[in-house]
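Residue-level structure breakdown
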Amino acid sequence: MTAPVFVVEEVPAGPRFVLDGAEGRHAVSVKRLNPGEEVVLTDGRGAWAEAVVEAAEGRDRLVVAVSATGEEPEPEVTITVVQALPKGDRGEVAVETMTETGVDAIVPWQASRCITQWRGDRGAKSLAKWRSTAREAGKQSRRVRFPEVAEAMSTKQVAALLAGADLAVVLHEDRDAPSEALAGTDLPESGSVVLVVGPEGGVSPEELAAFAAAGARTCRLGRSVLRTSTAGTAAAAVLLARTGRWS
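All figures in this text were calculated on a predicted structure; none of them were measured in a lab.

Analysis parameters
- Residues numbered from 1 in each chain as written.
- Predicted model: local features only at pLDDT ≥ 70, side-chain atom pairs only at ≥ 80, totals over all residues.
- Heavy atoms only, no water.
- UniProt positions renumbered as here; feature names shortened; annotations may be inferred.
- Helix = DSSP H or I, 4+ residues; strand = E, 2+ residues; numbered from the N terminus.
- Salt bridge = Lys/Arg side-chain N within 4 Å of Asp/Glu carboxyl O.
- Buried < 20%, exposed > 50% of the residue type's maximum accessible area, 1.4 Å probe, protein only.
- Axes fitted to C-alpha atoms, helices over the stretch in contact; angles between N-to-C directions.
- Left-handed = near helix turned anticlockwise from the far one by under 90°.
- Contact = heavy atoms within 4.5 Å.
- Nonpolar A, V, L, I, M, F, W, Y, C, P; charged D, E, K, R; others polar.
- Domains from an automatic or database assignment.
- Buried area = accessible area lost by both parts, 1.4 Å probe.
- Polar contact = N/O pair within 3.5 Å; in protein donor to acceptor, adjacent residues only side chain to side chain.
- Pairing = 2+ DSSP bridges.
- Core = buried A, V, L, I, M, F, W, Y, C linked by side-chain atoms within 4.5 Å.

With that settled, consider the UniProt feature "domain: Ribosomal RNA small subunit methyltransferase E PUA-like" (unreviewed entry) in the chain. Following the UniProt record, one finds the feature "domain: Ribosomal RNA small subunit methyltransferase E PUA-like" (unreviewed entry) at residues 19–64. Helix makes up 22% of residues 19–64 and strand 46%, with an end-to-end C-alpha separation of 8 Å.

Here you go:
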């Protein structure tokens, strides 16, 4: 089994480090780590340290000896998923599985056909949940570079994001609309890929037109229609398998 990951503000250079606070409590009281077991410390931005547990102090302090440090380079091809706001807790499900799959950034999108609305305190709480989910899923999947979860964007802002991408794609479920298979789309050797996932009601014609004007192409995953909360994960898996990051 791979070593569990814990998040720190700054990755220690060594030789010893005390993991405390919420992360230390989780390591000592939940994981019940013992001397000799290995852990990984990360700032979630690519820096990491491998360490070995020396002792547990109380209920929330873990003393570790740092054995190695490093930094994971940014991928040559980054994948950003623009996720239309799903109903209920499906947004957290989408963020969790996309993080585990390996996406680099997630952008909440207030599409015109979204039933869920992020306004005021509700929007701030929902964004905080998405960010917390990405952090926990990053730890669970043993990542050391967690995806950034951006502020919610409007359609106009998403169009500007697409215009700056090296490859911009909108997933579209209409079989009669002109589109190409995502699995056959030419990928850039480096740069950014931005993938738009619409709401359950689909991307509106006006939104499609705005995204097409920004240079986005419409693509389909296959014959079946996926929920908005699973489409981004499936599409990211298709792209990641082709970038070589899964090899």
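Next up on the list: the pattern of salt bridges. For the structure shown, the criterion picks out 11 salt bridges. Arg217 serves as the salt-bridge partner of Glu180, at 3.6 Å between the closest nitrogen and oxygen. With Glu180 in strand E10 (residues 180–181) and Arg217 in strand E12 (residues 217–220), the pair connects residues that are 37 residues apart, well separated along the chain. Using a relative accessible area of 28% as the deciding quantity, one classes Glu180 as partly exposed. Here Arg217 falls in the partly exposed class, since its relative accessible area comes to 33%.

Attention shifts here to the packing of helix H2 (residues 90–101) against helix H3 (residues 120–140). As a packed pair, H2 and H3 sit with axes 8 Å apart at the nearest point and diverge in direction by 35°. The two elements H2 and H3 cross, and the hand of that crossing is right-handed. Along its contact with H2, which presents Gly91, Glu92, Val95, Glu96, Thr99 and Glu100, the element H3 presents Lys129, Trp130, Thr133, Ala134, Ala137, Gly138 and Gln140. Tallied by class, residues from the contact of H2 with H3 come to 4 nonpolar, 5 polar and 4 charged.

Per the domain assignment, the segments making up the chain are domain 1 (5–71) and domain 2 (77–241). The gap between the C-alpha centroids of domain 1 and domain 2 is 33 Å. Taken together, the 12 residues of domain 1 in the interface contact 7 residues of domain 2. Here domain 1 and domain 2 share an interface that buries about 790 Å² over both sides, 56% of which is from carbon and sulfur atoms. Three residues stand out in domain 1 for area buried against domain 2, namely Val5, Val7 and Gly44, and they jointly supply 54% of the buried area on that side. Put simply, domain 1 and domain 2 have 1 salt bridge between them. A salt bridge links Glu23 to Lys139; the shortest N-O distance between them is 2.8 Å. Taken together, the links from domain 1 to domain 2 amount to 6 residue pairs in polar contact (both at pLDDT 80 or more).

With that settled, the discussion passes to the pairing of strand E4 (residues 47–57). The pairing of strand E3 (residues 38–42) with E4 spans 5 bridges and is antiparallel. Bridge pairing in E4 links Leu41 to Ala49. Taking the residues that link successive antiparallel strands as the turn, the E3-E4 hairpin has 4 residues, and the phi of Gly44 there is positive, at about 80°. In terms of strand pairing, E4 meets strand E5 (residues 61–71) through 10 bridges, oriented antiparallel. Looking across to E5, one finds that Ala55 is bridged to Val63. Where E4 folds back onto E5 in an antiparallel hairpin, the turn is made up of 3 residues, including Gly58, whose phi is positive at roughly 70°.

As a further point, take the pairing of E12. Alignment of strand E9 (residues 167–171) against E12, held across 3 bridges, turns out to be parallel. Bridged to Val169 within E12 is Arg217. Relative to E12, E10 is paired through 2 bridges, and the arrangement is parallel. Following the sheet pairing, Ala181 is matched in E12 by Arg220.

It is worth spelling out the nonpolar core at this point. Across soluble globular proteins, you tend to see nonpolar side chains buried next to one another. Residues Trp109, Val158, Leu162, Val196 and Phe211 are the most contacted members of the largest nonpolar core, which totals 48 residues. Excluding anything up to four places from it in sequence, Phe211 contacts Trp109, Thr155, Val158, Ala159, Leu162, Val170, Val196, Val203 and Ala216. Core analysis: the second largest hydrophobic core is formed by 16 residues, Val28, Ala49, Leu62 and Val64 among them.

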